[in-house]
Amino acid sequence: MTFPPRVFSGIKPSGDLHLGNYLGAIRRFVPLQKTHHCIYCVVDMHAITVWQEPEDLRRATYEVAAAYIAAGIDTKNHIIFNQSQVLQHAELAWIFNCVARMGWMNRMTQFKDKAGKNSENVSLGLFAYPSLMAADILLYKATHVPVGEDQKQHLELTRDIAQKFNNDYGKRIKDLHLDAGYFPLTEPMIAGAATRVRSLRDGTRKMSKSDAASDMETIYLLDDADAIANKIKRAKTDPEPLPEDVKDLENRPEADNLISIYAALADKTKQEVIAEFGGKGFGVFKPALAELSVSVLSPIATEMRRLVGDKGELDRILRDGADRARAIAETNMREIREIVGYVR
Ligand code: AQP
C-alpha cells in the first residue's frame, strides 16, 4: 500500500525553545511544506510527563505555536495545533501501550537519560512517552517525521509498533477489507548539518530546554542580539585554529558544534564552512557566527513576540488546526476501533 506523503512532527512546550529545536526541527519543517501535507503539533501531553507549572505550560504552548508561525509555517494550507485538543492521541496511545512490549520500552535510552538514578520516582507517563509519540505520528498515518538525532530511537519504536499492530490484527484488517499494511512504516528525516546541537559550554552534551546548568550553554530563540553575541563570544573552544578538512573536527566537539551551527544557519555543508574559515582562529570565526545567528534569529524572535502578544489570534489558529487534525484523526480512529474489536 502506498500512503500519501504526510509529515508530522512535534515539539514539547517544556521550557524555552532553543537553537537545537530550531536547527534540528523547526527550520527543517518549513521547506517540507512544498512537497508534503504537514501537521506540526505542540505536544503539551508530552510536556507534562515531567512536572510543568500550569501557567508555564500555557506560556510555552503559545511560544511553540508562535515559533512555528514565525519560522514560516503556513497555517492555512498545513496544520498547527496543540495535542491535548485532539483526544484521539490519548486514545490511540492506550492501544499502543498494549501493543508495545516492555522489553522494547526498557531499551529507550532517552528514558534512561532523563530518569537517571531517579527511575523509581519518575512518572509512568515519562516511561510510556514513546508510545504516545507513535500514536501522534500514526494517528495521521504520517509517512515522514523530521526530527533531531535524539529522536531516532523513538522513530524506530514507532515502526516496530506499526509493524506489530499490522501483524497482530492482520486477519481482522483483511476481514474488514482495509489495506494490509494498515499503518505506514514511517521514515525518520534526520538531515542537515545540525541534527544534534550541543551545549556551548560542553561539546559532549546536547543543548536542551530542561538540562542546562547555566544560561550560557544555550541560545534561546527569544534571546536578544546582545545575549546571542555574548554567548557565542564566551562559547568554549580549543586553542587550535579551525582545520582545513572537516575530518579534523572529529576530536574537537566544541569546534565541530560551532561549525555545524554556522553551516545549518547558512544552509551550507560543514565542508563549505571549513573552506571559508579553515586555518582561521576563533577570533575571526566567532564574530561571523554571531552576526549570522543574529541575522537569522532576530526576525523570528521579533515575530514570536508579536504573536504571543495576540493570544486571541493564536487561540483561533490552534483551534482551527485542532478541528482539521481531529477530522483526520477521527476518520482513522473509527477504523482502528473496528480493527481492535471495540463495541460501538
Ligand atoms: N540539541 C538539539 N539538536 C538538534 N535537535 C534537537 N531537538 C531537541 N534538542 C535538539 C529536536 O527538537 C525537536 C523537539 O524536541 P522536544 O521538544 O520534543 O524534546 P527533546 O528532544 O527532549 O528536546 P529538549 O529541548 O532537550 O527538551 P527537554 O529538555 O524538555 O527534554 C525534536 O525533533 C528534537 O529532536
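Each remark here, short or long, concerns the structure printed above.
Residues numbered from 1 in each chain as written. Predicted model: local features only at pLDDT ≥ 70, side-chain atom pairs only at ≥ 80, totals over all residues. Heavy atoms only, no water.

**Focus on the packing of aromatic side chains**
Phase 1 of the analysis: Taken as a whole and judged by the stated rule, the model has 15 aromatic pairs.
Phase 2 of the analysis: When the centroid spacing of 4.2 Å and the interplanar angle of 5° are considered together, the rings of Phe-29 and Tyr-40 count as stacked. Highlighted residues: Phe-29 in helix α1 (residues 19-32) and Tyr-40 in strand β2 (residues 37-42), separated in sequence by 11 residues.
Phase 3 of the analysis: In this structure Phe-29 comes out as buried when scored by relative accessible area, which is 0%.
Phase 4 of the analysis: Judged by centre distance (4.8 Å) and plane angle (45°), the rings of Phe-165 and Tyr-169 are tilted.
Phase 5 of the analysis: Judged by relative accessible area, Tyr-169 falls into the partly exposed class, the value being 23%.
Phase 6 of the analysis: Members of the aromatic cluster, each reached through a chain of ring pairs, are Phe-96, Phe-165, Tyr-169, Tyr-182 and Phe-183.
Phase 7 of the analysis: When the ring centre of Tyr-182 is taken as reference, the NZ or CZ atom of Lys-141 above it lies at 3.7 Å.
Phase 8 of the analysis: In this arrangement the basic side chain of Lys-311 is found over the ring face of Tyr-62, its NZ or CZ atom lying 5.4 Å from the centre. (Phe/Tyr/Trp six-rings, centres within 6.5 Å; stacked < 30°, edge-to-face > 60°. Helix = DSSP H or I, 4+ residues; strand = E, 2+ residues; numbered from the N terminus. Buried < 20%, exposed > 50% of the residue type's maximum accessible area, 1.4 Å probe, protein only. Lys NZ or Arg CZ within 6 Å of the ring centre and 35° of its normal.)

**Notes on unusual backbone geometry**
Excluding glycine, a negative phi dihedral is what most residues carry, and trans is how most peptide bonds are arranged.
Phase 1 of the analysis: A positive phi angle is found at Lys-141, which is not glycine, with a value near 50°.
Phase 2 of the analysis: Its location among the elements puts Lys-141 in the loop between α7 (124-138) and β4 (144-146).
Phase 3 of the analysis: By relative accessible area, Lys-141 is classed as buried at 17%.
Phase 4 of the analysis: The residue His-177 is not glycine, and still its phi comes out positive at about 60°.
Phase 5 of the analysis: Relative to the elements of secondary structure, His-177 occurs in the loop between α9 (170-175) and β5 (187-189).

**Thoughts on the nonpolar core**
Phase 1 of the analysis: Counting 59 residues, the largest nonpolar core has Tyr-22, Ile-26, Tyr-68 and Phe-285 as its most contacted members.
Phase 2 of the analysis: Among the elements that line this core, the one with the most residues is helix α13 (residues 282-308), at 10 residues.
Phase 3 of the analysis: Setting aside chain neighbours within four positions, we find Tyr-22 in contact with Arg-27, Arg-28, Ala-71, Leu-221, Leu-265, Val-296, Leu-297 and Ile-300.
Phase 4 of the analysis: Counting 47 residues, the second largest nonpolar core, distinct from the first, contains Val-99, Met-105, Leu-138 and Tyr-140. (Core = buried A, V, L, I, M, F, W, Y, C linked by side-chain atoms within 4.5 Å. Contact = heavy atoms within 4.5 Å.)

**Section: the pairing of β2**
Phase 1 of the analysis: Along β2, five of the six residues are buried, which leaves the element largely enclosed by surrounding structure.
Phase 2 of the analysis: As defined by bridge partners, strand β1 (residues 6-11) adjoins β2 across six bridges and the pair is classed as parallel. Considered in β2, the bridge of Gly-10 is made with Cys-41.
Phase 3 of the analysis: Between β1 and its parallel partner β2, the chain crosses via α1, and the hand of that crossover is right-handed.
Phase 4 of the analysis: Sheet topology note: the β2/strand β3 (residues 79-82) ladder contains four bridges and is parallel. In the strand pairing of β3, Val-42 is matched with Asn-82. (Pairing = 2+ DSSP bridges. Right-handed = clockwise from strand over helix to strand, strands pointing away.)

**Points about the site of the ligand**
Phase 1 of the analysis: Taken together, 25 residues lie around the ligand, and His-18, Lys-114, Asp-150, Lys-209 and Ser-210 are the ones closest in.
Phase 2 of the analysis: One of the side-chain N or O atoms of Lys-12 is found 2.8 Å from an oxygen atom in the ligand.
Phase 3 of the analysis: In the environment of the ligand, an oxygen atom lies 2.9 Å from a nitrogen or oxygen atom belonging to the side chain of Lys-206.
Phase 4 of the analysis: The site holding the ligand turns out to be the largest pocket.
Phase 5 of the analysis: Looking at the shell around the ligand, the elements with two or more residues in it are β1, α1 and α6 (109-115).
Phase 6 of the analysis: Grouping the constituent residues of the shell around the ligand by class yields seven nonpolar, 12 polar and six charged. (Near = heavy atom within 4 Å. Polar contact = N/O pair within 3.5 Å; in protein donor to acceptor, adjacent residues only side chain to side chain. 1 Å grid on protein atoms, 1.4 Å probe; cavity = no way out; pocket = protein on both sides within 12 Å on 5 of 7 lines; lining within 4 Å. Sits in = over half its atoms within 2 Å of the grid points. Nonpolar A, V, L, I, M, F, W, Y, C, P; charged D, E, K, R; others polar.)

**Examining the layout of surface pockets**
Phase 1 of the analysis: Each pocket or cavity is described by its volume, and for the largest pocket that value is around 1100 Å³.
Phase 2 of the analysis: What lines the largest pocket is a set of 48 residues, among which Gln-110, Lys-114, Asp-150, Gln-151 and Lys-206 lie closest to the centre.
Phase 3 of the analysis: Put simply, the parts of the chain that give the lining of the largest pocket at least two residues each are β1, α1, α2 (44-47), α6, α7 and α8 (152-168).
Phase 4 of the analysis: Element by element, the count of residues in the lining of the largest pocket is highest for α7, at five residues. (Points joined across faces, edges and corners; volume = space filled by probe spheres on them.)

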